[in-house]
Each structure stands twice: as C-alpha cells, then as structure tokens.
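Residues per chain, in single letters:
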Amino acid sequence: MSAFTVLNPATGAAVRDVELASVEQTDAAVARAVRAQRVWAELAPVARADALRRFATVVEEHVEELAQLELLEAGHPISSARWEASHVAQVLNYYAGAPERLIGRQIPVAGGLDVTYLEPYGVVGIIVPWNFPMTIASWGFAPALAAGNAVVLKPAELTPLTAMRLGDLAVEAGLPEGVFTVVPGAGPVVGERFVTHPDVHKVVFTGSTRVGTQVAAGCARELKPVTLELGGKSANIVFADADLEAAAAAVPGSVFDNAGQDCCARSRLLVERSVYDRFLELVEPAVAAWRVGDPNDEGTEMGPLISAAQRDRVASYVDGADVAFRGTAPDGDGFWFPPTVVLAGRDERIAKEEVFGPVVAVLPFDDEADAIALANDTVYGLAGSIWTRDLGRGIRVSRGVRSGVLSVNSHSSVRYATPFGGMKASGLGRELGPDAAEHFTQTKNVFYATP
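How each quantity is defined
- Residues numbered from 1 in each chain as written.
- Predicted model: local features only at pLDDT ≥ 70, side-chain atom pairs only at ≥ 80, totals over all residues.
- Heavy atoms only, no water.
- UniProt positions renumbered as here; feature names shortened; annotations may be inferred.
- Helix = DSSP H or I, 4+ residues; strand = E, 2+ residues; numbered from the N terminus.
- Rg over C-alpha atoms; globule rule 2.2 N^0.38 Å.
- Buried < 20%, exposed > 50% of the residue type's maximum accessible area, 1.4 Å probe, protein only.
- Contact = heavy atoms within 4.5 Å.
- Patch = residues over 30% accessible without salt bridge, like charges linked within 9 Å, V, L, I, M, F, W, Y side chains within 5 Å.
- Areas by Shrake-Rupley, 256 points an atom, 1.4 Å probe, with all protein chains shown as cover.
- Salt bridge = Lys/Arg side-chain N within 4 Å of Asp/Glu carboxyl O.
- Axes fitted to C-alpha atoms, helices over the stretch in contact; angles between N-to-C directions.
- Parallel < 35°, antiparallel > 145°, perpendicular 65-115°, else oblique.
- Left-handed = near helix turned anticlockwise from the far one by under 90°.
- Nonpolar A, V, L, I, M, F, W, Y, C, P; charged D, E, K, R; others polar.
- Pairing = 2+ DSSP bridges.
- Phe/Tyr/Trp six-rings, centres within 6.5 Å; stacked < 30°, edge-to-face > 60°.

The name an unreviewed UniProt entry assigns to the protein chain is Acyl-CoA reductase-like NAD-dependent aldehyde dehydrogenase, from the organism Microbacterium marinum. What UniProt states about the protein chain under its Sequence similarities (unreviewed entry) heading is, verbatim, "Belongs to the aldehyde dehydrogenase family."

(A) Quick peek at the overall build of the protein chain. Helix and strand counts for the protein chain stand at 14 helices and 20 strands. In summary, the protein chain has a C-alpha radius of gyration of 23 Å against a globular reference of 22 Å for 451 residues, a match within 12%. On the principal axes, the C-alpha backbone points of the protein chain span a range of 75 × 60 × 40 Å. Counting across all 451 residues of the protein chain, residues that qualify as buried make up 56%. Within the protein chain, counting contacts between residues at least 6 apart in sequence, those at least 24 apart form 72% of the total.

(B) Expanded view of a nonpolar patch on the surface. Together, Ile107, Val109 and Phe447 make up a nonpolar patch on the protein surface, roughly 230 Å² of accessible area in all. Taking the relative accessible area as the measure of exposure, Val109 reaches 37% and is therefore partly exposed.

(C) Highlighting the packing of helix α9 (residues 244-255) against helix α10 (residues 276-289). Running from N to C, α9 and α10 point in directions that differ by 45 degrees, and their axes come no closer than 8 Å. The orientation of α9 relative to α10 falls into the category oblique. Along this stretch, α9 crosses α10, giving a crossing that reads as right-handed. Side by side, α9 and α10 meet where Leu244, Glu245, Ala247, Ala248, Ala249, Val251 and Pro252 of the first sit next to Arg278, Phe279, Leu282, Val283, Ala286 and Val287 of the second. Tallied by class, the residues present in the contact of α9 with α10 amount to 11 nonpolar, no polar and two charged.

(D) Representation of the packing of helix α3 (residues 63-74) against helix α6 (residues 161-172) within the structure. Two numbers describe how α3 lies on α6: the axes approach to 9 Å, and their chain directions differ by 155 degrees. On the basis of their axis angle, the class for α3 and α6 is roughly antiparallel. Facing Glu65, Leu66, Leu69, Glu70 and Glu73 of α3, the residues of α6 in contact are Leu161, Thr162, Arg165, Leu166 and Leu169. Residues belonging to the contact of α3 with α6 are distributed by class as follows: five nonpolar, one polar and four charged.

(E) How the structure looks around the pairing of strand β4 (residues 112-120). Examined bridge by bridge, strand β3 (residues 106-107) and β4 share two bridges and lie antiparallel to one another. Bridge assignment links Ile107 to a residue of β4, and that residue is Asp114. Hairpin connection of β3 to β4: four residues between the antiparallel strands, including Gly111 at a positive phi of 85 degrees. Where β4 and strand β20 (residues 441-449) come together, nine bridges link them in antiparallel fashion. The residue of β20 that forms the bridge with Tyr117 is Lys444.

(F) Structural context of the packing of aromatic side chains. Considering all chains together, one arrives at eight aromatic pairs under this definition. For the pair Trp139 and Phe420, a centre-to-centre distance of 5.4 Å together with 65 degrees between the ring planes defines the contact as edge-to-face. With Trp139 in helix α5 (residues 133-146) and Phe420 in the loop between β17 (407-408) and β18 (423-424), the pair connects residues that are 281 residues apart, well separated along the chain. Overall, Trp139 belongs to the buried group, its relative accessible area being 7%. According to the relative accessible area criterion, Phe420 is buried, its value standing at 2%. Aromatic side chains Phe141 and Phe180 sit 4.6 Å apart centroid to centroid with 40 degrees between the ring planes, which places their arrangement in the tilted category. Placement of Phe141 in helix α5 and of Phe180 in strand β7 (residues 180-182) is noted, with a sequence separation of 39 residues between them. Taking relative accessible area as the criterion, Phe141 reaches 0% and is therefore assigned buried.

(G) Spotlight on the side chain of His87. Within the fold, His87 resides in helix α4 (residues 78-95). Setting aside its immediate chain neighbours within four residues, His87 contacts Thr135, Ser138, Trp139 and Tyr416.

(H) Geometry of the sheet that holds β3. Sheet architecture is open: three strands sit in the order β3-β4-β20, paired in antiparallel fashion. Every other strand in the sheet has two partners, leaving β3 and β20 as the edge strands with one partner each.

Here it is as structure tokens:
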C-alpha cells in the first residue's frame, strides 16, 4: 500500500501521511456499500430523514475541528473554513427533507392504474476536488443518501482529511456501516475504479475539464450516468451605469476568494470602455486592502495556493503579462502568490484559459452586444456577474450570457436550495436545489391492470 503526505500549504510542512487505497480495497468498499445500501433503502423515509438530521447535528458539533483540518490541508482562512463546515451541516439538514418528498406520479391510462416510482441507483461514486473538499463533497453525498443510495467517496489526494473525518462522523451519527465510505486514493486507481466497477451505478465528478472528459468517456462505455462540474473562466461584466464604487469593492472577493482556486471565480473583468480607466482606479485600492496572510488569523481573507506546483502554474500565466497592479502576500515558506490584476487582449492565453489562482484579466468592451459576445467568447460557461442599474439590461444580458449560474449586482454562485452547474465545457447536469435528490434516482413505471 502506498501513502501520500498531506502538506500545510501555508508552511510547506508535513501534516499527515494518508494511506492510498488499492483497486482491491476499493472493490471491498464497494461490496460493503452494496450490502449496506439494501438495508438503507428499505428504511422508512422518515428513518432516513432522521439519520441525516443526526448526521447534520454531529457535524455542527464538530465545526471547529473540521475547520482546523481544512485550514491545515487546504490553507483556507479560518473564518472561511468554519463557514464551509457549517455549510455541510446545512446541506445535510436541507436534504433530510427529501426522503419523504420523493414522490412519483399516478398517470391516467385506460384499463388500469399506471404509477411511477423513484428508485435509488444503488451505489454512487463521488470524486471530490481539492479546492473546496468539504462543501463539494456534501453537494453529492447528502442528496445521494437522501434518495436511498450508498456512497463511496474519493477525496483529492492533496486534501483527504476533512472527508475522512466526515466519514467517521457519519458512523458516529448512526448511519449504517458502509452506507457512506470515504476511500482515499489516486485518481487513476480509485476514481477510475468507480467508473469501471459494475456495482457503482452513477458517478459524480468535480474537477478539471480535461479529467472530466475522461470520466465521461469511461462512463459512456459503461452506459453509466455521470454528473460533471468542471472548469470556468467566468466574466464579471461592469456597465457604465453601474454603482462603480460597489462593483469595484466587490472585485477582490469575486476572484481572490480561496486564492482564486474556484471554478466560479470571476477571472475575466469586462468593463465598459467609457468607464474603464475610472474603474481600474477604484479597483486598485480594493486589491491593495485585500488581506493575505496566516490562515489562523481571524482577519485573513486569502490564504496560500494549494501546492508549489500550483503556484508555479499560476506564475507561468503572469510571466510576461501586462500587470496593472498587485496586492501583497507573505514571503518565505508556504505557497503564496499575491492578488494580481492584468490588462489583457482578447486573444491572449490569460484571457482564455483557467488560471485557477488569484489573477484577474481586465478587458474593455464597447456596448451591450459586445459585452455578451465577449463574455461568451470562451469554451466555459459556469458562472458570472453583471453590474448595472438598468433592470432591463440585467435581464437581457443574463439571458444572453451562456453560463449556468449568473448574479446581477452581486457575486453569488452557490446556494444549496438552488440548482448549480455549468454549460459548454463547464460540465453536465446540475447539483443542489430542490430536485437534486431526484437526480440520484431512476424512474420505474408500473401498470396495474384492472382485475
């Protein structure tokens, strides 16, 4: 058995060695999940609901512990990490309401009664990225469990600790052994086995578009349904009639949160040409004030990048770019990179590709039609923002931009009560929202003939 050493991104120091599962150990986890799922699915809906509420309560009781683990393995500021841990409990509580609401239909037909049932898939494999290890995991496992499935979950090698602890807390909360199993391991081993295993009947993957296409191709060969949440190059569109001061003050949070390691990061700042210079003047002090530092500090707004390799990747995009201004970041140990604002041309690499770091490319546009065309000039379509005082324009532009999640006069992307997902190369399917549990079921139609 091999092991992976988890590093603290803020210091580069080793945190813990985590054993990585083999194919055989993955198969054993799936076999346990198959057995547990039968028992779980046979429980009365109210019993599954109560179990999920107990799970939520136990998570709430361990928010500080989970937040500290997230700080250590991912470098998230402690205030953000606490929010993320609390979010897991909120998601569990929300989907605890689903088991009693998975309602089929009675369809009028001649000669009898036609009824549809929503049946769980069985075992669902969930593959989680390193950028938001707890929250993204919960978006998959909470509705999947609510629908009566068992879950095997593979965390990212870089950030397995919070997922492993959530697996322990599920058992502590009273979920049957095997219903929710965390399997740390390498993507080509555990993740690939989720795709190929005949008893894993659905896969949920969040990560890069490159790997997502491989997962999708593998699932297609197995005729296995898959949900994909992939990359993004989201636009933050600022019109001349917007509240420029408010829009500028919101820029750092839109792209530098989690050090820009966010598929929803508004990493393209599109500004109407008539206010372009003025808006940059307003953005510069906001970037300078963005607090980058020790994740343990309650006032820190941004921590380090996840790894030295990620820092080098981000730096490769900035080298040779037209840097307008930067914020500050600590020197010394850790994988730090300062918030950076770049002036970009429409065809430049930094304006096209996902950097996944605290870098925003600024581009001017001429009018509403040009703004929409520029926002859509990307293979991605995950998120975005529109700043305007004109309600009609907000509606027109939001309908014109090809992204799954948009926000007018804010940078909101994720609410557990609303659907989340992308268009184009940003993914397939939707997570969260009132219908998420149904996405983990298959419709069975039964006709009962009149005697």
